Amino acid sequence: MRRPPLQKNHAYLGIAALLAFLIAIPFFASDYWITLVTLILIFTVYASGWNLFSGLTGYTNFGLAWFIGVSGYISSLLIADHSFSWLFAWPIGAVLTSIASIGVGYILLRIKGVYFAISMVALTEGTRELFGTEYLTAITHGGKGVPFVAGIKLSSLYWAILLLATLTLLICYKITSSKFGLRLLAIREDELAAETLGIRTTRDKIIAFALSAFLVGLAGAIHFTYQNYIDPSFAFSIHLTLTPIVMTLFGGVGTVFGPVIGATLFTFIHEILWAELSLLYMSVFGAILMVLILFFPQGLLGWMKEREILPRIRKI
Amino acid sequence: MSTKEPILRIEGVVKKFGEVLALDHCSFDVKPGSITGLIGPNGAGKTTLFNIITGVLQPDQGHIYFGGEEITGKKPYEIARKGVGRTYQIIRIFPKMTLLENLIVVGKGRERKVIEKAMDLLHLVKLSEKRDDYASDLSFGQQKLLSLAQVLMLDAQLILLDEPAAGINPTLQNELMALVHRLNEQGKTFIIVEHDMKVILGHCENVIALNYGQKIAEGSCSEIERDENLLEHYFGR
Ligand SMILES: Nc1ncnc2c1ncn2[C@@H]1O[C@H](COP(=O)(O)OP(=O)(O)O)[C@@H](O)[C@H]1O
Ligand SMILES: [Mg+2]
């Protein structure tokens with residue numbers, strides 16, 4: 001009943017061609033298109049990073065914006081107020097966010113299900129308040145936000161996010177087909193059974209959480225440098241959490257390439273079709289989220305695997 | 001470990017759930033290389049005892065020793081890695097993972113070795129042809145076999161089976177018990193919770209009987225069979 005696997009060489013060729021095309025974009029495309037692909041790539045990292053932890057372990061992270069905002073703020077402030085180059089500010093933001101996420105994970109990843117989800121929302125909201133409070137204005141600029149110029153050309157920023165998105169996908173690909181990835185899936189399937197079979201579930205969850213925080217944080221740092229601006233309600237917006245989740249649900253939770261497909265499609269839809277519907281945007285988004293969860297829970301790639309249009313392997 | 005030393009020692013274990021005394025000063029030893037039956041009516045505390053041995057629950061009082069080393073209060077994964085494996089009364093496997101993945105995920109060490117061992121175990125439980133199917137596609141009985149194979153993947157020396165024969169057809173039941181004997185000959189120690197007295201008397205050397213969390217009898221199968229008192233409790237005769 002099994003279809004023969006996709007021709008591996010053809011797949012590699014296709015990926016190489018796509019990569020070459022993406023690398024070349026700044027040489028021939030207009031700024032509009034570079035910007036659009038930049039956004040697609042940023043959201044690819046957000047969605048893949050979310051999927052890496054939540055898609056595999058089943059712990060729904062409703063605090064993705066916390067990764068994005070914390071790293072975005074650290075890097076933006078370093079660039080704006082401490083004359084750091086973006087080259088150092090980005091990784092410092094991501095690493096510090098990742099370290100902080102270990103502490104958060106250590107406490108919150110012991111709570112299951114909906115309580116974890118709610119705690120992450122609460123953490124994000126609380127941190128938003130913290131960055132907006134007037135008492136910390138000297139450090140954070142308070143609620144009025146931080147405009148800044150990082151002195152990076154659009155093309156360089158584009159190549160940076162392209163590199164990060166490529167690395168992120170490579171990491172996701174490697175992990176989903178590794179024993180570590182299987183252990184994360186086992187946590188999703190039955191955490192207690194995993195534990196009595198000798199799996200250190202808490203440690204594995206924290207590692208995946210911290211890796212997700214690093215990748216998403218790095219993309220967040222790039223995102224706000226690209227915007228030349230950060231403020232608390234933008235950095236910790238629920239929109240930054242929900243959009244990557246919807247993208248992942250659409251493409252296929254727990255798959256390697258589902259989040260990319262979702263990110264590409266939804267960024268296009270957002271830019272092209274809904275530019276004028278911005279007020280309705282969140283409600284339309286919420287409706288799509290509900291429809292996906294109810295009727296299409298396995299996502300596009302999951303559905304294709306179920307129908308055996310694609311081979312049922314973890315590497316896709 | 002000398003052969004005379006018990007592989008498992010339960011010492012004065014007490015476990016309360018609110019007002020319910022699930023285990024009441026329970027103590028016994030298990031000899032290495034033995035097959036011990038654990039019997040008792042529903043609610044006697046058998047599953048709770050397994051949960052305490054494997055670190056899933058903590059006892060209110062008492063101590064557990066495995067291979068002479070105290071394991072009370074250790075985490076489930078630590079106890080599992082020391083060599084205590086278990087299956088659950090309500091099957092716990094990884095449904096949306098393939099059979100092969102269900103085993104590989106448990107394995108330690110080099111990938112090639114792990115895959116080889118997983119395939120050997122799938123052969124052993126006669127499920128190798130279904131290795132790429134999801135575990136959720138298996139029948140109830142096959143899922144129990146897969147669950148046992150996972151425990152074997154762990155290299156457990158002491159294996160706790162919670163009602164392994166319940167709800168599966170006699171053929172599979174016999175296959176499972178034959179497998180238990182074969183593994184026992186290779187040196188593995190078993191504790192088996194079972195309601196079916198036939199299974200217990202036919203396959204176990206020793207029997208421990210629990211009622212209301214207390215050990216009410218302990219001995220060889222023939223001793224237990226002769227114990228009128230117990231039969232009254234157990235069969236309500
Ligand atoms: N998690 C729990 N919370 C509350 N009570 C429990 C729990 N687990 C078991 N019990 C109670 O403890 C007693 C022993 O249960 P159990 O160990 O499952 O019995 P058995 O496996 O021998 O049928 C029962 O009265 C049961 O209701
Ligand atoms: Mg029970």
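Residues numbered from 1 in each chain as written. Chains lettered and ligands numbered in written order. Predicted model: local features only at pLDDT ≥ 70, side-chain atom pairs only at ≥ 80, totals over all residues. Heavy atoms only, no water.

Asker: Can you break down the nonpolar core residue by residue, with the values?
Answerer: In this structure, Tyr-46 of chain A together with Leu-146 of chain B are the most contacted members of the largest nonpolar core, which totals 137 residues. Looking at this core, the element that brings in the most residues is helix H2 (residues 31–57) of chain A, giving 13 residues. When residues no more than four places from it in sequence are discounted, the contact partners of Tyr-46 of chain A are Leu-64, Ile-68, Val-216, Ala-219, Gly-220, His-223, Leu-240 and Pro-244 of chain A. (Core = buried A, V, L, I, M, F, W, Y, C linked by side-chain atoms within 4.5 Å. Buried < 20%, exposed > 50% of the residue type's maximum accessible area, 1.4 Å probe, protein only. Helix = DSSP H or I, 4+ residues; strand = E, 2+ residues; numbered from the N terminus. Contact = heavy atoms within 4.5 Å.)

Asker: Before we move on, could you go through the pairing of strand S9 (residues 206–211) of chain B and cite the residues and values that matter?
Answerer: Residues and elements named next belong to chain B. Taken across its six residues, S9 has five buried, putting it largely inside the fold. Pairing of strand S3 (residues 35–39) with S9 involves four bridges; the strand directions are parallel. The residue of S9 that forms the bridge with Leu-38 is Ile-208. Pairing analysis gives six bridges linking S9 to strand S10 (residues 214–220), with the strands arranged antiparallel. Along S10, the bridge assignment pairs Asn-206 with Ser-220. (Pairing = 2+ DSSP bridges.)

Asker: I'd like to hear about the coordination of the magnesium ion (ligand 2), residue by residue, with values.
Answerer: Residues and elements named next belong to chain B. Every protein donor of the magnesium ion (ligand 2) is listed here as Thr-47 (OG1) and Gln-89 (OE1), and their distances to the metal cover 2.0 to 2.1 Å. Of this pair, Thr-47 sits in helix H1 (residues 46–53) while Gln-89 sits in the loop between strand S6 (84–86) and helix H3 (99–104), placing them 42 residues apart in sequence. Assessed through its relative accessible area of 27%, Thr-47 is described here as partly exposed. (Donors = N, O, S within 2.8 Å, 3.2 Å for Na, K, Ca; no water.)

Asker: Explain the site of ligand 1 residue by residue, including any values.
Answerer: All names here are of chain B. All residues in the neighbourhood of ligand 1 are listed as Phe-17, Val-20, Ala-22, Pro-41, Asn-42, Gly-43, Ala-44, Gly-45, Lys-46, Thr-47 and Thr-48. Within the side chain of Thr-48, one N or O atom sits 2.5 Å away from an oxygen atom of ligand 1. Relative to its unbound accessible area of 560 Å², ligand 1 is 60% covered by the protein chains. Among the secondary structure elements, those contributing two or more residues to the shell around ligand 1 are strand S2 (20–30) and H1. Per-element tally for the shell around ligand 1: the top contributor is H1, with three residues. Residue composition of the shell around ligand 1, by class: five nonpolar, five polar and one charged. (Near = heavy atom within 4 Å. Polar contact = N/O pair within 3.5 Å; in protein donor to acceptor, adjacent residues only side chain to side chain. Areas by Shrake-Rupley, 256 points an atom, 1.4 Å probe, with all protein chains shown as cover. Nonpolar A, V, L, I, M, F, W, Y, C, P; charged D, E, K, R; others polar.)

Asker: Describe in detail the confidence of the model for chain B, supporting the description with residues and values.
Answerer: Residues and elements named next belong to chain B. On average, residues of chain B carry a pLDDT of 90, and 94% of them reach 70 or more. Mean pLDDT values over the elements of chain B span from 62, in helix H9 (residues 228–235), up to 97, in helix H2 (residues 76–82). As scored by the predictor, the complex reaches a pTM of 0.92 and an ipTM of 0.92. (pLDDT = per-residue confidence, 0-100.)

Asker: So what's going on with a nonpolar patch on the surface? Which residues, and what values?
Answerer: Residues and elements named next belong to chain A. Nonpolar side chains collect at one region of the surface, where Leu-18, Leu-19, Phe-21, Ile-23, Phe-27, Phe-28 and Trp-159 lie side by side and expose about 720 Å² of accessible area between them. By the element assignment, Trp-159 lies in helix H7 (residues 154–176). Residue Trp-159 is classed as partly exposed on the basis of its relative accessible area, which comes to 31%. (Patch = residues over 30% accessible without salt bridge, like charges linked within 9 Å, V, L, I, M, F, W, Y side chains within 5 Å. Salt bridge = Lys/Arg side-chain N within 4 Å of Asp/Glu carboxyl O.)

Asker: Please provide a residue-by-residue account of H2 of chain A, values included.
Answerer: Residues and elements named next belong to chain A. The end-to-end C-alpha separation of H2 is 38 Å, in line with the 39 Å expected for 27 residues at 1.5 Å each. Considering bend angle alone, the principal kink of H2 is centred on Asn-51 and spans about 40 degrees. Within two residues after H2, Gly-58 carries a phi angle of roughly 80 degrees, on the positive side. (Expected span 1.5 Å × (residues − 1). Bend = angle between axes of the 7 residues up to and from the residue.)

Asker: Could you give me a rundown of the environment of Ile-79 of chain A, with the residues and numbers involved?
Answerer: Residue and element names in this part refer to chain A. For Ile-79, the location among the structural elements is in helix H3 (residues 64–81). Separated by 235 residues in sequence, Ile-79 and Arg-314 place their C-alpha atoms 40 Å apart. Excluding residues that lie within four positions of it along the chain, Ile-79 makes contacts with Phe-84, Trp-86, Ala-89, Trp-90, Phe-148, Val-149, Ala-150 and Thr-225.

Asker: Could you give me a rundown of helix H1 (residues 8–28) of chain A, with the residues and numbers involved?
Answerer: Residues and elements named next belong to chain A. Taking 1.5 Å as the rise per residue, H1 with 21 residues should run 30 Å; its terminal C-alpha atoms sit 30 Å apart, in good agreement. A maximum bend of about 25 degrees is found in H1 at Leu-22, where proline Pro-26 lies one to four positions downstream. Buried within H1 we find Leu-22, Ile-25 and Pro-26. The inward-facing, buried residues of H1 abut H2 and H7.

Asker: Could you give an account of the side chain of Glu-189 of chain A, with specific residues and numbers?
Answerer: Along the chain, Glu-189 of chain A falls in helix H8 (residues 179–196). For Glu-189 of chain A, a relative accessible area of 18% translates into the label buried. From its side chain, Glu-189 of chain A meets the backbone nitrogen of Lys-96 of chain B in a polar contact 2.5 Å long. Residues within four places of Glu-189 of chain A in sequence aside, it is in contact with Phe-94, Pro-95, Lys-96 and Met-97 of chain B.

Asker: Account for a positive patch on the surface, naming residues and giving values.
Answerer: Taken together, the side chains of Arg-110 and Arg-200 of chain A together with Lys-75, Arg-81 and Lys-108 of chain B make up a positively charged region of the molecular surface. The topology assignment puts Lys-75 of chain B in the loop between strand S5 (69–70) and H2. Using a relative accessible area of 45% as the deciding quantity, one classes Lys-75 of chain B as partly exposed. (Lys, Arg positive; Asp, Glu negative; His and termini not counted. Charge placed at Lys NZ, Arg CZ, Asp CG, Glu CD.)

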